[in-house]
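Report on the structure
Single-letter residue listing:
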Amino acid sequence: MFKLVINPSKEKGHINPEIQGHFSEHLGRCIYEGVFVGEDSDIPNTKGMRNDVVEALKEMKIPVLRWPGGCFADEYHWKDGIGPKENRKKMINTNWGGVTEDNSFGTHEFMELAEQLGCKTYVNGNIGSGTVQEMSEWVEYMTFDGVSPMADLRRANGREKPWTVDYFAVGNETWGCGGNMVPEYYASLYKHYQTFVKQFNPDKKIKKLAVGPTDKDYNWTETMLRECFRQQGTFPQNFGYMDGLTLHYYTLPYDWDKKGSATKFNDKEWYMTLAKTFAMEEFIEKHSAIMDRYDPDCRIGLMVDEWGTWYDVEEGTNPGFLYQQNTIRDALIAGINLNIFNKHCNRVKMANIAQLVNVLQAVILTEGPKMIKTPTYYVFKMYSAHQDNALLESSIDTEPIGIEKKYMVPNLTESVSKDERGNIHITLTNLSATDSYEIETNLLGNEIESVSGEIVAGAITAHNTFDDPDVVKEETFDAFKTDGDKVTFTIPASSVMHIKVTLCQKSAQDVFSRT
Ligand code: AHR
């Protein structure tokens, strides 16, 4: 029996919905085919956006979408993607397969997509090959309401009112595809460029993001904080140089030369991959420790704006398109990482899984008119219950499991939150490929009124295909035994769960009066 102890009266932080954010790049079939098919397509669409994809993402409660890259962002010139489509410049997508980019999806289309999804917008600027003027004019084009050359141009292109840009990043991976810079050089450039990301709307301030480290590049974080952190205001109304520093970390079963298959793997590779994903926690803690020295009040966020699994591409697909399948292993990786982000929600204020559709650890895959939801999709849908909640103090007994000493993992992970009505939401992952575990949840004297749950479970390589789209899906789970302030249940092997606990009126009132 493994004990999960929850203290409903101990709030530890606020879970920003953006922790469950997504990323869409002009890469392979993410934007084109995946999201955008054009108004003339036979695939049902609204202003060119696939209705099936939009509906699924809304149901999953997508909170924020990053665009247009990735590496693509630093070769993207936004003016090529506005105005009549027939006049838009065609370019080579040098990073991703050398294919022709016809710019038919540009700023207006991205904003239309975000409006249809009802999500926040995260626009990634170009510092690698773009000028300060280009970046500053883009911000003016998108967000200025008055009379100005760029606002007038926007109106001439059919959009009267400005849009809201919630987040704006000054470059991407500037230590790599974004310009191969050293941190001192980028820190200066960042301060320079961000000066001209003007705040035209005092009520809807743009949160400015600086490119942060990859993996364990702690020197990058130290340099960025030393050079660019200026303590003023509080998140999200921060008047300093930056509101967030990004972090990228991908989970690969092996390494960059031979990553490993998305669907053909054994128990040993299962544990190897899960063990590697736990590096995320170490990176967050160590980068946060550096940030804490400059910013002890967590005014700026660590934005994990690229994370997820990266496998060898599916056989017969363009290697530059990064198309991969998605199994129960990906569901576990999503669940583990989202639990880690929740536990660090005071510092991690946004995270964007890579990428939305048809690329890397996608929540949706498409093939012509067909669409499937991946196991990762269902995990995001279940975890959406945490959005905007208070993180609660919780801990669980665990034991190390695995096949090789080097790749041992805890058998269970969890995170717990409380929503505005006082309901408690528990998300749990069982990392064992073979074993189920009995769990006793103790709510420390708070009487339970009702319990309900959902689960995503299956064999470790189980996945959905276009011929068999419902092999893995969210199922109702109700095998709970409740006794006073305790609930016991058995979590099946290789599964991710969400449990909602409603406390008796009196307990709930006590909890509220104590918080
Ligand atoms: O997500 C794919 C790529 O990975 C992104 O374009 C880049 O930022 C990262 O290296």
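Thresholds, definitions, all that
- Residues numbered from 1 in each chain as written.
- Predicted model: local features only at pLDDT ≥ 70, side-chain atom pairs only at ≥ 80, totals over all residues.
- Heavy atoms only, no water.
- Helix = DSSP H or I, 4+ residues; strand = E, 2+ residues; numbered from the N terminus.
- Buried < 20%, exposed > 50% of the residue type's maximum accessible area, 1.4 Å probe, protein only.
- Contact = heavy atoms within 4.5 Å.
- Pairing = 2+ DSSP bridges.
- Axes fitted to C-alpha atoms, helices over the stretch in contact; angles between N-to-C directions.
- Patch = residues over 30% accessible without salt bridge, like charges linked within 9 Å, V, L, I, M, F, W, Y side chains within 5 Å.
- Areas by Shrake-Rupley, 256 points an atom, 1.4 Å probe, with all protein chains shown as cover.
- Salt bridge = Lys/Arg side-chain N within 4 Å of Asp/Glu carboxyl O.
- Lys, Arg positive; Asp, Glu negative; His and termini not counted.
- Charge placed at Lys NZ, Arg CZ, Asp CG, Glu CD.
- Parallel < 35°, antiparallel > 145°, perpendicular 65-115°, else oblique.
- Left-handed = near helix turned anticlockwise from the far one by under 90°.
- Nonpolar A, V, L, I, M, F, W, Y, C, P; charged D, E, K, R; others polar.
- Domains from an automatic or database assignment.
- Buried area = accessible area lost by both parts, 1.4 Å probe.
- Polar contact = N/O pair within 3.5 Å; in protein donor to acceptor, adjacent residues only side chain to side chain.
- Near = heavy atom within 4 Å.

Attention shifts here to the overall build of the chain. Looking only at helices and strands, the chain has 11 helices and 28 strands in total. Projecting the C-alpha coordinates of the chain onto the three principal axes gives extents of approximately 65 × 50 × 40 Å. Scored against the burial criterion, the 515 residues of the chain give a buried share of 62%. For the chain, long-range pairs separated by at least 24 residues make up 76% of all intrachain contacts whose partners lie at least 6 apart in sequence.

Right, let's talk about the pairing of strand β15 (residues 350-354) for a bit. By the criterion of burial, β15 is predominantly enclosed, with 5 of the 5 residues buried. The alternating pattern of β15 places M350, N352 and A354 and A351 and I353 on opposite faces, both of which are buried. Where strand β2 (residues 21-23) meets β15, 3 bridges bridge the pair, whose relative direction is parallel. Residue pairing for β15: G21 is matched across the bridge by N352. Sheet analysis places strand β14 (residues 301-309) next to β15, joined by 3 bridges and oriented parallel. Among the inter-strand pairings, W307 is bridged to a residue of β15, identified as I353.

Our next topic: the sheet that holds strand β23 (residues 437-442). Judged by pairing direction, the sheet is mixed, and its 10 strands sit side by side in the order β25-β24-β28-β22-β21-β18-β1-β23-β27-β26 without closing on themselves. The open sheet has two free edges, formed respectively by β25 (475-477) and β26 (481-483), since each of these has just one partner strand. Geometrically, the sheet is characterised by an average inter-axis angle of 25 degrees between neighbouring strands, direction not taken into account. Looking at chain direction, strand β1 (residues 2-14) and β23 are connected through 4 bridges and run parallel. Pairing of V5 across the sheet is with N442, part of β23. Packed onto the sheet, helix α10 (residues 375-383) meets β22 (424-430), β24 (448-457) and β28 (495-503) and runs at close to 165 degrees relative to β24.

Once that is clear, we can look at a negative patch on the surface. Together, E367, D467, D468 and D470 make up a region of like negative charge exposed at the surface. We classify D470 as partly exposed; its relative accessible area is 46%.

Right, let's talk about the environment of V313 for a bit. Mapped onto the elements of the fold, V313 is located in the loop between β14 and α9 (328-343). Its relative accessible area of 27% is what places V313 among the partly exposed residues. Along the chain, V313 and K405 lie 92 residues apart, while their C-alpha atoms are 29 Å from each other. Setting aside residues up to four positions removed in sequence, V313 forms contacts with N318, P319, L322 and Y323.

Turning our attention to the packing of helix α3 (residues 132-143) against helix α4 (residues 149-156). The N-to-C vectors of α3 and α4 enclose an angle of 55 degrees; their axes lie 7 Å apart at closest approach. Relative to α4, α3 is oriented oblique. Note that α3 runs across α4; the crossing there is right-handed. Residues E137, E140, Y141, M142 and T143 of α3 form the contact with α4, whose participating residues are P149, M150, A151, L153 and R154. Its residues assigned to classes, the contact of α3 with α4 comprises 6 nonpolar, 1 polar and 3 charged.

What follows is about the domain arrangement of the chain. Under the domain assignment, the chain is made up of domain 1 (2-9 + 391-514) and domain 2 (17-387). On a C-alpha basis, the centres of domain 1 and domain 2 stand 29 Å from each other. Listed by partner, the interface residues are 47 residues for domain 1 and 42 residues for domain 2. Summing both sides of the interface, domain 1 and domain 2 together bury roughly 3,500 Å²; the carbon and sulfur share of this comes to 70%. Three residues stand out in domain 1 for area buried against domain 2, namely Y407, I460 and F466, and they jointly supply 22% of the buried area on that side. Counting across the interface, domain 1 meets domain 2 through 3 salt bridges. The salt bridge involving K343 is made with E414; its shortest N-O contact spans 2.7 Å. On the surface where domain 1 and domain 2 come into contact, there are 16 residue pairs in polar contact (both at pLDDT 80 or more).

As a structural note, the neighbourhood of the ligand is formed by 13 residues, with E25, C71, E173, Y250 and E306 the closest of them. Interatomic distance of 2.7 Å between a side-chain N/O atom of E306 and an oxygen atom of the ligand. Relative to its unbound accessible surface of 280 Å², the ligand loses 94% to contact with the protein. Split by residue class, the shell around the ligand holds 7 nonpolar, 3 polar and 3 charged.

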